[in-house]
Amino acid sequence: MKIKKIVLSLILLLLCVVPIVAYYDPGPRIGYVNDYTHTLTKEQKNSLESKLTSFEQESSNEVAVVIIRSMQGDYIENFAVKLFENWKLGKKDKNNGVLMLVAMNDRRMRIEVGYGLEG
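Computed from a prediction, not measured in an experiment: that's the story for all the values here. (Residues numbered from 1 in each chain as written. Predicted model: local features only at pLDDT ≥ 70, side-chain atom pairs only at ≥ 80, totals over all residues. Heavy atoms only, no water.)

1. What about the pattern of salt bridges?
Part 1 of the reasoning: Tallying each qualifying case throughout the model produces three salt bridges.
Part 2 of the reasoning: For the salt bridge of Lys91 with Glu56, the shortest nitrogen-to-oxygen distance reads 2.3 Å. Here the residue Lys91 occupies a position in the loop between helix 3 (76–87) and strand 3 (97–103), and Glu56 occupies one in helix 2 (residues 42–59), the gap between them amounting to 35 residues.
Part 3 of the reasoning: Taking relative accessible area as the criterion, Glu56 reaches 15% and is therefore assigned buried. (Salt bridge = Lys/Arg side-chain N within 4 Å of Asp/Glu carboxyl O. Helix = DSSP H or I, 4+ residues; strand = E, 2+ residues; numbered from the N terminus. Buried < 20%, exposed > 50% of the residue type's maximum accessible area, 1.4 Å probe, protein only.)

Have a look at this one:
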């Protein structure tokens, strides 16, 4: 009986310490600039899209900019990694993708880089 109480206490403690995974797919990836908050003007988005398109053509490195409202309780590190993997950024053989994630309401930003660009 005493062991059951200890095990139950440990489980409850872990549930309080470990956050519930809150990752969600913000939506389909359309181009290099994905502004789900409509923060950027149309001109800003088009200009950035054009620059990132040219950058990929010149270097083969793929950069995606994502602006979301909130991570809904998730950590920025976890959310960025999951989104990076979900969208399969970069060339498969080079792993040369970059994700720039901005969570407006959470006031968090992260740049996630593929292994091919870490150096």
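2. Details of the side chain of Asn34
Part 1 of the reasoning: Within the secondary structure, Asn34 sits in strand 1 (residues 33–35).
Part 2 of the reasoning: In this structure the side chain of Asn34 is engaged in a polar contact, spanning 2.8 Å, whose partner is the backbone nitrogen of Ile30.
Part 3 of the reasoning: Asn34 has contacts with Pro28, Arg29, Val65, Val66, Ile67 and Trp87, leaving out every residue within four places of it along the chain. (Polar contact = N/O pair within 3.5 Å; in protein donor to acceptor, adjacent residues only side chain to side chain. Contact = heavy atoms within 4.5 Å.)

3. Side note on the nonpolar core
It is characteristic of soluble globular proteins that their nonpolar side chains tend to be buried jointly.
Part 1 of the reasoning: Counting 14 residues, the largest nonpolar core has Val66, Ile68, Leu83, Leu99 and Leu101 as the members making the most contacts within it.
Part 2 of the reasoning: The element contributing the most residues to this core is helix 3, with six residues.
Part 3 of the reasoning: The residues touching Leu101, leaving out its near neighbours within four places in the chain, are Val66, Ile68, Ile76, Phe79, Ala80, Leu83, Arg108, Met109 and Arg110.
Part 4 of the reasoning: Core analysis: the next-biggest nonpolar cluster, separate from the first, contains six residues, Tyr32, Val33, Leu52 and Val98 among them. (Core = buried A, V, L, I, M, F, W, Y, C linked by side-chain atoms within 4.5 Å.)

4. A closer look at the sheet that holds strand 2 (residues 62–68)
Part 1 of the reasoning: Ordered in space as 1-2-3-4, the four strands form an open sheet in which the pairing is mixed. Across the chains shown, the open sheet's two edge strands, defined by having one partner strand only, are strand 1 and strand 4 (108–113). On average, each strand axis in the sheet is inclined to that of its neighbour by 10°, with strand direction left out of account.
Part 2 of the reasoning: Direction of pairing for strand 2 relative to strand 3: parallel, over a ladder of seven bridges. The partner of Val65 across the bridge, within strand 3, is Met100.
Part 3 of the reasoning: Most of the contacts of helix 2 go to strand 2, to which it runs at about 155°, and overall it touches strand 1 and strand 2. (Pairing = 2+ DSSP bridges. Axes fitted to C-alpha atoms, helices over the stretch in contact; angles between N-to-C directions.)

5. Details of the environment of Tyr36
Part 1 of the reasoning: Considering the arrangement of structural elements, one finds Tyr36 in the loop between strand 1 and helix 2.
Part 2 of the reasoning: We classify Tyr36 as partly exposed; its relative accessible area is 27%.
Part 3 of the reasoning: As for Tyr36 and Arg69, which are separated by 33 residues in sequence, their C-alpha atoms are 7.4 Å apart.
Part 4 of the reasoning: Sequence-distant contacts of Tyr36, defined by excluding residues within four places in its chain, comprise Pro26, Gly27, Pro28, Arg29, Val66, Ile67, Ile68 and Trp87.

6. Remarks on the side chain of Glu49
Part 1 of the reasoning: Along the chain, Glu49 falls in helix 2.
Part 2 of the reasoning: Here Glu49 is in contact with Gly31, Tyr32 and Val33, once residues within four sequence places are set aside.

7. Considerations on the environment of Ala22
Part 1 of the reasoning: Counting through the fold element by element, Ala22 comes out in the loop between helix 1 (2–17) and strand 1.
Part 2 of the reasoning: Look at Ala22 and you get buried, because its relative accessible area is 15%.
Part 3 of the reasoning: Separated by 57 residues in sequence, Ala22 and Phe79 place their C-alpha atoms 8.1 Å apart.
Part 4 of the reasoning: Apart from residues lying up to four places away in sequence, Ala22 is in contact with Met71, Gln72, Gly73 and Asp74.

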